[in-house]
Amino acid sequence: MAERRVFAGPAVRKVRREAGMTQAAMAEALDISPSYLNLIEHGQRPLSATVIVKLAERFEFDAAKLGAEDVPGGLAGLRRRLGDPRFADLGIGAQEVEEWLQTAPATAAAFARLFDAAPEGRTDVADEAPEVAAVRRAIEKWRNHFADLDAKAEELADELRLAGGDLYGTISERLRTRHQLGIRILPSDVMPDRLRWLDWHARQLMLNELLRPASRTFQAAATLAQIEAKAEIDALVAGAEFAETAAARLFERHLIHYFAAALMMPYSRFLRACDATGYDLLLLQRRFGAGYEQVAHRLTTLQRVGARGLPFFMLRIDRAGQGSKRYAGASQSPLVDGDARCPLWGMHEAFARPGEVIADLVELEDGSRWFTQSRSVAAPGATGSGTPARFAVCVGVDAKVAAPLIAARGLDLMRSPATPIGLGCRRCTRTGCVQRSMPPLGRPLRFREGERGVSAFDFAGD
């Protein structure tokens, strides 16, 4: 098979401009002629392997992120949007979509934003709040990997490790000695609506007694992040250039929590443990004193150049199937898009089987396969009615690269039977589904007198 040619003119031009270099200066740094660089930037020549290596070495250029970082869902997400029935008559092929994303990623991102914002273009049940959507775009632009935060957290984790004792104890001691902050554990009736409260006037960090040990460590680490990683976090928030203050604050909170998780699960040690254990989530949870959800989220961040983990996505839903967290990471999985998902997917079973990790091999209509693992988790506290808050947390990876997972051992991931699922009934065109609750978009309903199929809706196929 011929090697796929990579056209990345806009990405190279962006790197050059950010470096403040002329074409002549950058060409000299890459040991190529200015005319060749000009052809590359105008999409008339592909990037050679040699040029890609030099870009990576001298400009921290990551070829794996070409184009896809600005479009939620990456190439697969763009194909899904262009697969809308309204575009059926245009005959847009997969190669054409890929070339668009490579040669004009900014316009592809603009199309994705307009498509997602248009009411008739949305196929999910609930509209995503604009500030939440903006933050999600910013996170996916970085593929949920923030190298500066990881490096600082890893350095701090090594320093705390040398201090000895458990991580919570060493964080507490650092807050006390370096920042004159004490920690108090308060009864839940004193803090009924808060898990953490930092009172600078009293120089105290107050934590709710309902927090489990892993969550207590996480909240203490988050406080340390607010103080010691403030410069790095502020720079990332400023660079995102959010139009709304609420979006900036949400992004700031995400970065604080990112640092806290990176402190509990330092990058290099965590990645080595993933490789050694076959990404055994429960074992990783115990080894690093973390919660299941914390480990699941951390798996989506392992994209350090030269030391990458598997490209996981993470999704968290409530009993109604509503997604409250979704990170595509480097997976480019369409399973995190939208807020409607298939009831046949095994992650919904997690609520009925608490404490159990439910593995599922699923196949989408385009033939792509994903290996997923889901488990229910309980949030501290209760709702106003006293009902415990529970969620199902799912991590998944492309079946093509899932072989290292201990949970997937013994499976022929590309030939074993897989659960056929869709991306929600309105986006799914599978016929004869007994779980179908709505007809698909763009397909006319059919009614045959004297007949009743297994599905409530019969519709015209391709």
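Residues numbered from 1 in each chain as written. Predicted model: local features only at pLDDT ≥ 70, side-chain atom pairs only at ≥ 80, totals over all residues. Heavy atoms only, no water.

Enquirer: So what about the overall build of the chain? Which residues, and what values?
Expert: Looking only at helices and strands, the chain has 16 helices and 11 strands in total. The globule rule puts the C-alpha radius of gyration for 462 residues at 23 Å, and the 24 Å found for the chain is close to it. With respect to the principal axes defined by its C-alpha atoms, the chain has extents near 70 × 70 × 45 Å. The buried share among the 462 residues of the chain stands at 47%. Long-range contacts, defined here as pairs at least 24 residues apart, represent 58% of the contacts in the chain between residues at least 6 apart. Of the roughly 22,800 Å² that the chain leaves accessible, carbon and sulfur atoms contribute 52%. (Helix = DSSP H or I, 4+ residues; strand = E, 2+ residues; numbered from the N terminus. Rg over C-alpha atoms; globule rule 2.2 N^0.38 Å. Buried < 20%, exposed > 50% of the residue type's maximum accessible area, 1.4 Å probe, protein only. Contact = heavy atoms within 4.5 Å. Areas by Shrake-Rupley, 256 points an atom, 1.4 Å probe, with all protein chains shown as cover.)

Enquirer: Could you give an account of the pattern of salt bridges, naming the residues involved and the relevant values?
Expert: Counting across every chain of the model gives 18 salt bridges. A salt bridge links R446 to D458; the nearest nitrogen and oxygen atoms lie 3.4 Å apart. Here R446 is found in the segment after β11 (419-420), whereas its partner D458 is found in the segment after β11, with 12 residues between them in sequence. By relative accessible area, which is 34% here, R446 ends up partly exposed. Several salt bridges share partner residues, and in doing so they unite E159, R174, R178 and E228 into one network. (Salt bridge = Lys/Arg side-chain N within 4 Å of Asp/Glu carboxyl O.)

Enquirer: An account of the packing of helix α2 (residues 23-30) against helix α3 (residues 34-41) is requested, with residue identities and associated values reported.
Expert: The interhelical angle for the contact between α2 and α3, taken along N-to-C directions, is 105 degrees, at an axis separation of 8 Å. In terms of axis orientation, α2 runs roughly perpendicular to α3. In this structure, α2 contributes Q23, A24, M26 and A27 to the contact, and α3 contributes P34, L37, N38 and E41. Per-class residue counts for the contact of α2 with α3 are 5 nonpolar, 2 polar and 1 charged. (Axes fitted to C-alpha atoms, helices over the stretch in contact; angles between N-to-C directions. Parallel < 35°, antiparallel > 145°, perpendicular 65-115°, else oblique. Nonpolar A, V, L, I, M, F, W, Y, C, P; charged D, E, K, R; others polar.)

Enquirer: Explain the nonpolar core to me, using residue names and the numbers behind them.
Expert: One broad rule of soluble globular proteins: the nonpolar side chains tend to lie buried together. Judged by nonpolar contacts, the single largest core of 72 residues is most densely connected at F251 and F270. Of all the elements, helix α13 (residues 245-264) adds the most residues to this core, at 12 residues. Aside from chain neighbours lying at most four places away, what touches F270 is M265, L284, F288, V295, R298, L299 and L302. Counting 18 residues, the second-largest nonpolar core is a separate cluster that includes L315, L364, W370 and A392. (Core = buried A, V, L, I, M, F, W, Y, C linked by side-chain atoms within 4.5 Å.)

Enquirer: I'd like to hear about the sheet that holds strand β2 (residues 196-199), residue by residue, with values.
Expert: Ordered by their spatial adjacency, 3 strands build an open sheet running β1-β3-β2, and the pairing between neighbours is mixed. The outermost strands of the open sheet, each flanked by one partner alone, are β1 (182-186) and β2. Strand-to-strand twist of the sheet, defined as the mean angle between neighbouring strand axes without regard to direction, takes the value 20 degrees. In this sheet, strand β3 (residues 204-208) lies alongside β2 in antiparallel orientation, the contact comprising 4 bridges. In the strand pairing of β3, R196 is matched with L207. Of the strands in this sheet, β1 and β3 are in contact with helix α10 (residues 167-179), which crosses β1 at around 125 degrees. Against the sheet, helix α11 (residues 213-228) engages β1, β2 and β3, with an angle of about 35 degrees to β2. (Pairing = 2+ DSSP bridges.)

Enquirer: So what's going on with the side chain of R369? Residues and values would help.
Expert: Along the chain, the position of R369 falls in strand β9 (residues 369-382). Note on R369: relative accessible area 10%, which makes it buried. Within polar-contact distance, the side chain of R369 engages the side chain of E363 at 2.7 Å. A distance of 3.0 Å separates the side chain of R369 from the backbone oxygen of L413, its partner in a polar contact. Filtering out sequence-adjacent residues up to four positions away, R369 remains in contact with L361, V362, E363, D398, A399, L413, M414, R415, S416 and A418. (Polar contact = N/O pair within 3.5 Å; in protein donor to acceptor, adjacent residues only side chain to side chain.)

Enquirer: Tell me about the side chain of R298, and name the residues and values.
Expert: Secondary-structure assignment places R298 in helix α16 (residues 292-299). You can call R298 buried: its relative accessible area is 2%. Apart from the residues within four sequence positions on either side, R298 is in contact with D150, Y258, A261, A262, M265, P266, Y267 and F270.

Enquirer: Describe unusual backbone geometry, naming the residues involved and giving the relevant values.
Expert: Peptide bonds are, in most cases, trans, and in most cases residues other than glycine have a negative phi. Its identity is not glycine, yet R143 carries a phi of approximately 55 degrees, on the positive side. Structurally, R143 can be placed in the loop between α8 (130-141) and α9 (147-162). Residue class for R143 comes out buried when judged on its relative accessible area of 6%. Not every positive phi belongs to a glycine, and E241 is a case in point at roughly 50 degrees.

Enquirer: Break down the packing of aromatic side chains for me, citing the residues and quoting the values.
Expert: All told, the structure shown has 9 aromatic pairs when counted by the stated rule. Relative to F288, the ring of F270 has its centre 5.3 Å away and its plane inclined at 65 degrees; by these criteria the two rings are edge-to-face. With F270 in helix α14 (residues 267-277) and F288 in the loop between α15 (281-287) and α16, this pair connects stretches of sequence that are 18 residues apart. An identical accessibility class is assigned to F270 and F288; each is buried. Three or more aromatic residues link up through ring pairs in this structure, and these residues are W142, F146, F242, F251 and Y258. Taking the ring centre of Y258 as reference, the NZ or CZ of R298 above it sits at 5.9 Å. (Phe/Tyr/Trp six-rings, centres within 6.5 Å; stacked < 30°, edge-to-face > 60°. Lys NZ or Arg CZ within 6 Å of the ring centre and 35° of its normal.)

Enquirer: Give a detailed account of the confidence of the model for the chain, specifying residues and quantitative values.
Expert: Within the chain, residue pLDDT values average 86, and 90% of them lie at 70 or more. Confidence drops under a pLDDT of 50 for residues 120-126, and excluding neighbours within four residues, the segment shows 16 contacts in the predicted structure. (pLDDT = per-residue confidence, 0-100.)

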